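# Chain and residue survey
One letter stands for each residue in the lines below.
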There are 4 protein chains.
Amino acid sequence: MKNNAVLLIHCPDQSGLVAEVTRFLHERGGNIIRLDEHVDQHIGRFFMRVEWQLDDFEIEEKEKIKKIFYDRIGHKYDMEYEVHFMDYKPRMAVFATKASHCLYEIIYRTQSPSENWNVDIPLVISNRESLRDNVEPFGIPYHFIKVEKGKKEEAEKKQIELLKKHDIDFIVFARYMQIVSDDFIARYPNRIINIHHSFLPAFIGPKPYHSAYERGVKIIGATGHYVTNELDAGPIIFQDVHRISHKDSVKDLIRKGRQVEKIVISEAIRLHLDRKILVCNNKTVIFD
Amino acid sequence: MKNNAVLLIHCPDQSGLVAEVTRFLHERGGNIIRLDEHVDQHIGRFFMRVEWQLDDFEIEEKEKIKKIFYDRIGHKYDMEYEVHFMDYKPRMAVFATKASHCLYEIIYRTQSPSENWNVDIPLVISNRESLRDNVEPFGIPYHFIKVEKGKKEEAEKKQIELLKKHDIDFIVFARYMQIVSDDFIARYPNRIINIHHSFLPAFIGPKPYHSAYERGVKIIGATGHYVTNELDAGPIIFQDVHRISHKDSVKDLIRKGRQVEKIVISEAIRLHLDRKILVCNNKTVIFD
Amino acid sequence: MKNNAVLLIHCPDQSGLVAEVTRFLHERGGNIIRLDEHVDQHIGRFFMRVEWQLDDFEIEEKEKIKKIFYDRIGHKYDMEYEVHFMDYKPRMAVFATKASHCLYEIIYRTQSPSENWNVDIPLVISNRESLRDNVEPFGIPYHFIKVEKGKKEEAEKKQIELLKKHDIDFIVFARYMQIVSDDFIARYPNRIINIHHSFLPAFIGPKPYHSAYERGVKIIGATGHYVTNELDAGPIIFQDVHRISHKDSVKDLIRKGRQVEKIVISEAIRLHLDRKILVCNNKTVIFD
Amino acid sequence: MKNNAVLLIHCPDQSGLVAEVTRFLHERGGNIIRLDEHVDQHIGRFFMRVEWQLDDFEIEEKEKIKKIFYDRIGHKYDMEYEVHFMDYKPRMAVFATKASHCLYEIIYRTQSPSENWNVDIPLVISNRESLRDNVEPFGIPYHFIKVEKGKKEEAEKKQIELLKKHDIDFIVFARYMQIVSDDFIARYPNRIINIHHSFLPAFIGPKPYHSAYERGVKIIGATGHYVTNELDAGPIIFQDVHRISHKDSVKDLIRKGRQVEKIVISEAIRLHLDRKILVCNNKTVIFD
């Protein structure tokens with residue numbers, strides 16, 4: 001965990017933005033470790049991610065950085081921006097149902113030093129009991145919350161209580177096979193990562209591998225995206241694919257797809273943790 | 001051009017099919033060069049491609065092979081099958097509109113000895129004049145047939161006359177931006193190859209790169225398929241993809257996509273020429 | 001576990017081989033599920049994999065199949081061949097050192113029903129203690145066998161005793177960082193699978209990611225191969241790659257490479273278990 | 001052709017570099033279009049590419065920009081840097097021997113408006129006559145310069161005369177099968193792009209596809225790199241790969257490899273033209 005800060009900015013494009021932001025940091029003793037910027041010419045919008053060392057940074061109280069930045073620069077350019085501190089360990093809740101492969105991959109990577117994931121998993125929530133033994137041996141509490149037909153609201157109430165109690169920062173749907181309410185989503189804007197087991201926008205909905213088989217495609221894929229109100233239509237973070245052939249049954253697609261799903265969800269989480277994602281107009285800018 | 005024959009078979013699955021077909025060929029002096037078979041357990045159907053040398057084959061008159069095979073084996077198993085002779089040079093018509101990259105790639109490969117494409121291009125047909133100079137220097141006749149609104153029938157009549165006159169075996173739509181009639185398609189079942197510039201079934205329709213850009217996907221693709229009555233829904237022959245990012249404008253997608261399109265259409269044509277494609281239930285079996 | 005048998009054959013190519021083998025099976029009531037053949041024109045050699053159902057097969061004693069096949073066909077064509085029974089569960093020993101990711105992936109897949117791996121892991125052997133806690137919770141015995149400098153022979157003796165005692169069929173080196181002796185290898189010809197963390201033959205040896213970094217390649221890879229006496233030069237089973245950039249440090253290469261390694265070793269094991277690999281002239285024929 | 005300038009910088013890393021460079025440009029009215037920077041922590045070196053509009057830039061005489069930048073910033077930080085103007089059309093010489101596919105692809109892309117390559121090809125040089133007809137129809141002069149054994153020096157003298165006469169900025173070896181002298185290379189440092197038909201560093205030397213076949217690899221590749229004195233060891237610009245199998249003969253590898261080679265050489269040229277490549281320590285930083 002490095003004592004670095006990350007600033008994620010987007011605003012209407014205009015001349016001098018990089019110069020002004022970098023001078024702001026440099027004049028206050030902030031050593032810039034990495035800077036990425038992007039101008040979307042199509043919509044005339046400027047995007048920027050800058051990471052700098054806080055060791056010799058003049059503004060010692062972290063809470064003040066956001067305010068001071070706003071006063072000096074942010075308000076002038078109508079910026080939308082976030083400040084993140086890389087020594088803070090985000091708290092991630094994982095939701096799952098039956099399939100264990102994504103859940104497992106996430107737990108393994110969280111616990112593997114070489115992955116360097118700066119994250120805690122205070123809890124796993126599932127609408128089934130079946131994955132408990134995959135989770136508890138790792139010292140992670142497993143909460144079974146049944147989602148009964150017509151009583152989703154009730155279940156979500158319990159889920160939200162748990163999320164609040166555990167100060168959850170963001171949620172990962174690791175093949176969680178329930179559709180959550182708009183109210184639930186609104187509480188975690190751009191903070192719920194879902195893995196969809198198809199190469200979106202192909203095969204939206206519940207049985208994408210069956211649909212892929214029916215259609216006879218030659219490549220399958222998986223999509224990691226933020227959850228929005230519209231099913232499988234949120235901003236895409238990462239996608240990957242796998243070549244298949246006529247030899248593959250639906251079962252084979254499921255098996256091969258899992259490999260892709262594991263990679264895609266891991267990559268989406270890593271990008272989120274590294275604060276490399278900006279969202280604008282239901283699309284992502286990924287500074288990787 | 002090898003003096004080989006290819007048998008493409010599909011029929012309801014049952015025991016002993018491979019043994020019977022291979023014995024049929026072996027007993028008549030046919031040396032099997034390559035054999036591929038596939039059983040689709042889901043629909044209980046058997047698929048087979050077998051290629052053998054004709055040099056010492058007892059049935060000397062090629063026209064008889066199909067008939068004799070039917071009498072001895074085909075009719076017993078309710079087989080659908082085709083016999084092809086690899087020393088025959090198929091005659092391919094290429095349809096194009098404005099974009100030259102696929103057309104060019106096809107002409108180059110046709111003329112490049114190392115590609116080993118056993119094919120003739122007796123003509124290119126376009127609804128524009130603009131590609132004439134890309135085609136005629138290669139000694140290929142270029143036919144401009146205007147497709148006026150409401151007068152498609154008239155244009156197709158002219159096209160079909162040309163196709164007949166030149167004994168065309170199959171057609172390639174190399175980014176031909178017109179929708180042809182059901183009647184036209186019915187004349188060339190599984191013999192019109194189209195390149196769709198998206199990873200189907202995502203982004204069906206006329207402007208897939210624009211749609212991909214709007215949706216913010218991270219991978220684009222192209223699809224080579226046989227044309228059927230339903231738009232962009234025919235049996236898929238080959239697909240390929242290319243990774244993109246937020247940095248890519250629609251123009252970039254078009255540029256990157258072309259690279260993929262060239263590969264996909266070439267691959268689809270090669271598979272067709274090598275008689276490696278079987279179609280059943282709107283899906284392909286590719287024995288490559 | 002299906003009651004199927006698999007015959008893997010290679011021999012000098014000649015006419016009628018497929019016909020003869022398939023007739024042999026068909027006449028004895030063997031329903032062929034899948035057949036793959038390949039002729040390497042370069043060396044004039046025939047390769048074949050055929051899988052058939054044993055349910056109605058006339059030769060009821062499995063041990064006799066090999067002998068009868070030899071008498072009727074094998075000896076005539078100078079065939080090298082193996083017969084495998086898919087209801088037999090092979091016993092796999094996993095060797096590891098420090099890195100846990102491959103070991104973990106293997107254990108997870110072995111235990112995941114959807115992977116459909118028909119295999120037992122009777123033991124894990126390591127030259128370190130550190131992975132014990134990654135293995136024992138899954139009910140797999142963990143054997144720490146120290147490999148001291150100059151005393152490799154001693155260590156191997158212990159290893160071989162364990163392998164014999166547990167009737168081990170094949171071994172996987174899941175990032176096992178020791179070079180084993182020729183004698184050890186000779187006991188398990190084409191039955192030791194190693195993962196090398198580079199795209200062989202690039203970067204043979206112990207620190208391939210460092211070498212890849214130094215060379216500035218733009219793609220890294222991993223290679224699953226059978227172990228032979230020559231270091232990292234055995235027959236290649238499967239390879240995969242991952243794109244990298246100047247932004248990636250050696251640490252990043254290691255992290256990204258692990259993803260590839262996990263896929264490659266899993267794929268190599270799967271192909272081995274499914275009896276889809278034939279080895280000839282230090283190269284593999286993969287019937288997948 | 002945009003009226004933009006590009007500054008490519010590398011120097012020992014230190015705090016404030018981005019701020020100082022961007023302020024320099026902004027204060028003089030330069031609107032930054034795109035900025036990329038990278039710090040190689042391993043060697044403590046800073047890399048930067050910045051592109052800005054010249055329309056309102058105060059320093060009107062282009063020749064002065066380099067000097068003024070040096071006085072104000074460059075000398076202070078011991079920078080190595082280049083300034084390029086995007087409205088200048090670089091002059092590229094293409095060298096070829098027998099294979100036409102790369103040469104063809106380059107000519108096609110140069111002439112295709114949608115590729116948007118800002119480049120001229122004043123001449124093609126070959127040590128064979130055979131490609132003349134592939135080149136001259138496009139209005140590009142073709143120079144046949146024989147390279148006789150023991151008389152390479154003589155041939156290079158002629159080549160260099162032509163290159164000088166035509167004010168050539170950089171050279172592309174489009175499968176040019178001759179090794180040029182150190183003296184030749186020294187005249188065009190980081191300005192000769194070569195395509196090597198393997199995934200370097202695997203299979204250095206003249207017959208990589210044969211070697212790949214012999215080794216039994218499962219993936220082949222191609223490498224675009226700048227030419228240095230050491231054979232096939234210069235800084236790598238771009239690599240790509242293609243999956244192969246035991247079914248592929250050497251001929252198939254050559255055919256499949258060509259597809260990859262065309263993509264790789266095109267991509268390397270595009271990156272060079274867009275001034276997105278920095279070279280340091282025999283490695284590239286690619287700001288794409």
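Below or above, wherever it landed, is the structure these notes cover. (Residues numbered from 1 in each chain as written. Chains lettered and ligands numbered in written order. Predicted model: local features only at pLDDT ≥ 70, side-chain atom pairs only at ≥ 80, totals over all residues. Heavy atoms only, no water.)

### Here we look at the relation of the copies chain A and chain B
Placing chain A over chain B gives an RMSD of 0.0 Å and needs a rotation angle of 180°, together with 0.0 Å of translation along the axis. Both copies are brought into coincidence by an operation consistent with a two-fold rotation axis. When C-alpha distances to the rotation axis are compared across chain A, the minimum falls at Ala202 of chain A, with a value of 2.3 Å. A high fraction, 100%, of the interface residues of chain A reappear at the interface in chain B, so the copies pair face to face through one surface. (Least-squares fit on C-alpha atoms with pLDDT ≥ 70 in both. Contact = heavy atoms within 4.5 Å.)

### As for the sheet that holds strand 5 (residues 91–96) of chain D
All names here are of chain D. The sheet built from seven strands is open, its strands ordered 7-6-5-8-9-10-11 with mixed pairing. One side of each edge strand has no neighbouring strand; the edge strands of this open sheet are strand 7 (142–144) and strand 11 (236–243). Pairwise comparison of adjacent strand axes, ignoring direction, gives a mean angle of 20° for this sheet. By the bridge criterion, three bridges tie strand 6 (residues 120–126) to strand 7 in an arrangement that is parallel. Each residue of the ladder has a partner; that of Ser126, found in strand 7, is Phe144. (Pairing = 2+ DSSP bridges. Helix = DSSP H or I, 4+ residues; strand = E, 2+ residues; numbered from the N terminus. Axes fitted to C-alpha atoms, helices over the stretch in contact; angles between N-to-C directions.)

### With respect to the relation of the copies chain C and chain A
The operation relating chain C to chain A is a screw motion whose rotation component is 180°, with 0.0 Å of axial translation and a residual RMSD of 0.0 Å. Here 100% of the contact residues of chain C are again contact residues in chain A; the copies associate through an equivalent surface.

### Here we look at the interface of chain C and chain A
Listed as interface residues are 20 residues of chain C and, on the opposing side, 20 residues of chain A. Approximately 2,000 Å² of surface area, both sides summed, lies buried where chain C meets chain A, with 43% of it carried by carbon and sulfur atoms. Inspection of the region where chain C meets chain A yields two salt bridges. With its nearest N and O atoms 2.6 Å apart, the salt bridge here joins Lys262 of chain C to Glu105 of chain A. Summed over the shared surface of chain C and chain A, the number is twelve residue pairs in polar contact (both at pLDDT 80 or more). Those elements that place two or more of their residues in the side of chain C that touches chain A are strand 2 (31–40), helix 3 (101–111) and helix 8 (250–273) of chain C. (Buried area = accessible area lost by both parts, 1.4 Å probe. Salt bridge = Lys/Arg side-chain N within 4 Å of Asp/Glu carboxyl O. Polar contact = N/O pair within 3.5 Å; in protein donor to acceptor, adjacent residues only side chain to side chain.)

### Observations regarding the interface of chain A and chain B
The interface is formed by 33 residues belonging to chain A together with 33 residues belonging to chain B. Buried area between chain A and chain B, summed over both chains or domains, comes out near 2,900 Å², and the portion from carbon and sulfur atoms is 56%. Here chain A is connected to chain B by two salt bridges. Salt-bridge contacts for Asp240 of chain A lead to Arg243 of chain B; the nearest nitrogen and oxygen are separated by 3.1 Å.

### Examining the packing of aromatic side chains
Across all of its chains, the model carries 44 aromatic pairs over all chains by this definition. For the ring pair Phe199 of chain A and Phe199 of chain B, a centre distance of 4.8 Å and an interplane angle of 75° mean the geometry is edge-to-face. With Phe199 of chain A in the loop between strand 9 (192–196) and helix 7 (208–215) and Phe199 of chain B in the loop between strand 9 (192–196) and helix 7 (208–215), this residue pair bridges two chains. Classification of Phe199 of chain A as buried rests on a relative accessible area of 3%. With a centroid separation of 5.5 Å and an interplanar angle of 55°, the aromatic rings of Trp52 of chain D and Phe57 of chain D are classed as tilted. Per residue, the accessibility class of Trp52 of chain D equals that of Phe57 of chain D, and both read buried. A network of ring pairs unites the aromatic residues Tyr104, Tyr108 and Phe138 of chain A together with Tyr104, Tyr108 and Phe138 of chain C as a single cluster. When the ring centre of Tyr81 of chain B is taken as origin, the NZ or CZ atom of Lys66 of chain B, which lies over that ring, is 5.7 Å away. Against the face of Tyr213 of chain A rests Lys283 of chain B, its NZ or CZ located 3.5 Å from the ring centre. (Phe/Tyr/Trp six-rings, centres within 6.5 Å; stacked < 30°, edge-to-face > 60°. Buried < 20%, exposed > 50% of the residue type's maximum accessible area, 1.4 Å probe, protein only. Lys NZ or Arg CZ within 6 Å of the ring centre and 35° of its normal.)

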